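Structural description and commentary
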Amino acid sequence: MRKPIIAGNWKMNNTAAQGVALVNELKPLVADAECDVVVCVPFTDIPAVSEALKGSNIALGAQNVHFAEKGAYTGEISAAMLKEYGVKYVIIGHSERRQYFGETNETVNKRMHAALAAGLIPIVCVGESLEERETGKTEQVLSVQIEEGLKGLEDVSAIVIAYEPVWAIGTGKTATAEQANETIGFIRKKCAEVFCPKCAEKVRIQYGGSMNAKNCKELMAMPEIDGGLIGGASLKAQDFSQIVHYNK
Ligand code: PGA
């Protein structure tokens, strides 16, 4: 059985002080969680939030990582820098990175391998745009993102995949539970083909895109959906806690 994983993606929200206040509110609310709970915070929040999370069941995540060990990469952060603060997960290839910062399947692939080599668990994001969905290209786009983005992976279950239809992110439009389940089922099938059927059965695939306290139960009840990557609703402790307790 795959253990569900609910991860908050704070994006560019919360200063370190605000982040500490948020996780201090969150800790008691999710202490009884049956799933893995993660918060992916801005780089500058990492030291303080890491300290605040000590002894809790909430794991720390970052929102990006560079592929080089070190060197002349102004503005970037290495895997070792994240590891030093106890970061466990790192989001890679979020659609906002692909859309606004020139991230490609090739750079996603390099970042993923660097993260794994350092012992971080990548949360690799894939997903189609509205135009791609409407013109019937969803499976084609996802196939390329998997083939190129995850190239060279020995065991796909070493990562977490987040299926985030771009048209559902921050828009209040959620994929229907059936749509999300069907597409995640396709991603799993593709992973079985490209990697191996056994590891495709094991890999955790999250849904992301306007998941909230109201719709999480229905989405999480779907057999293919193993968790959520939550943007907006992860910024409020009560809302995020309700998602963590999706089955209550
Ligand atoms: P959202 O963001 O929940 O605000 O739609 C999800 C994400 O981009 O990871």
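Located above this text is the structure these notes cover.
An account of the accompanying structure is given in this report. Here the structure is a predicted model, which means the values were calculated and not measured.

Looking now at the site of the ligand. Neighbouring the ligand are 13 residues; Lys11, His94, Glu164, Gly170 and Ser210 lie closest to it. Here an oxygen atom of the ligand sits 3.4 Å away from a polar atom, N or O, in the side chain of Asn9. Contacts to the ligand include Gly170, whose backbone N or O atom sits 2.7 Å from an oxygen atom. Against a free-state accessible area of 280 Å², the protein chains account for coverage of 95% of the ligand. Among the residues making up the shell around the ligand, the classes are represented as four nonpolar, seven polar and two charged.

Let us look at the state of the cysteines. Put plainly, two cysteines are in a disulfide when a covalent bond ties their sulfur atoms together. One pass over the structure, following the stated rule, counts one disulfide. The residue that forms a disulfide with Cys196 is Cys199, at a sulfur-sulfur distance of 2.4 Å. Owing to a relative accessible area of 28%, Cys196 belongs among the partly exposed residues under this scheme. Cys199 gets classed as buried once you look at its relative accessible area, which sits at 6%. Not engaged in a disulfide, the cysteine Cys40 finds its nearest cysteine sulfur in Cys125; these two sulfurs lie 8.9 Å apart.

Of all five residues making up strand S2 (residues 36–40), five are buried, and the element is well covered by its neighbours. The alternating pattern of S2 places Asp36, Val38 and Cys40 and Val37 and Val39 on opposite faces, both of which are buried. Taken together, the five bridges between strand S1 (residues 5–9) and S2 define a ladder with parallel strand orientation. Of the residues in S2, the one forming a bridge with Ile5 is Asp36.

What counts, and where the lines are drawn
- Residues numbered from 1 in each chain as written.
- Predicted model: local features only at pLDDT ≥ 70, side-chain atom pairs only at ≥ 80, totals over all residues.
- Heavy atoms only, no water.
- Near = heavy atom within 4 Å.
- Polar contact = N/O pair within 3.5 Å; in protein donor to acceptor, adjacent residues only side chain to side chain.
- Areas by Shrake-Rupley, 256 points an atom, 1.4 Å probe, with all protein chains shown as cover.
- Nonpolar A, V, L, I, M, F, W, Y, C, P; charged D, E, K, R; others polar.
- Disulfide = S-S within 2.5 Å.
- Buried < 20%, exposed > 50% of the residue type's maximum accessible area, 1.4 Å probe, protein only.
- Helix = DSSP H or I, 4+ residues; strand = E, 2+ residues; numbered from the N terminus.
- Pairing = 2+ DSSP bridges.

Such coordinate-based values are descriptive only and should not be taken to indicate function.
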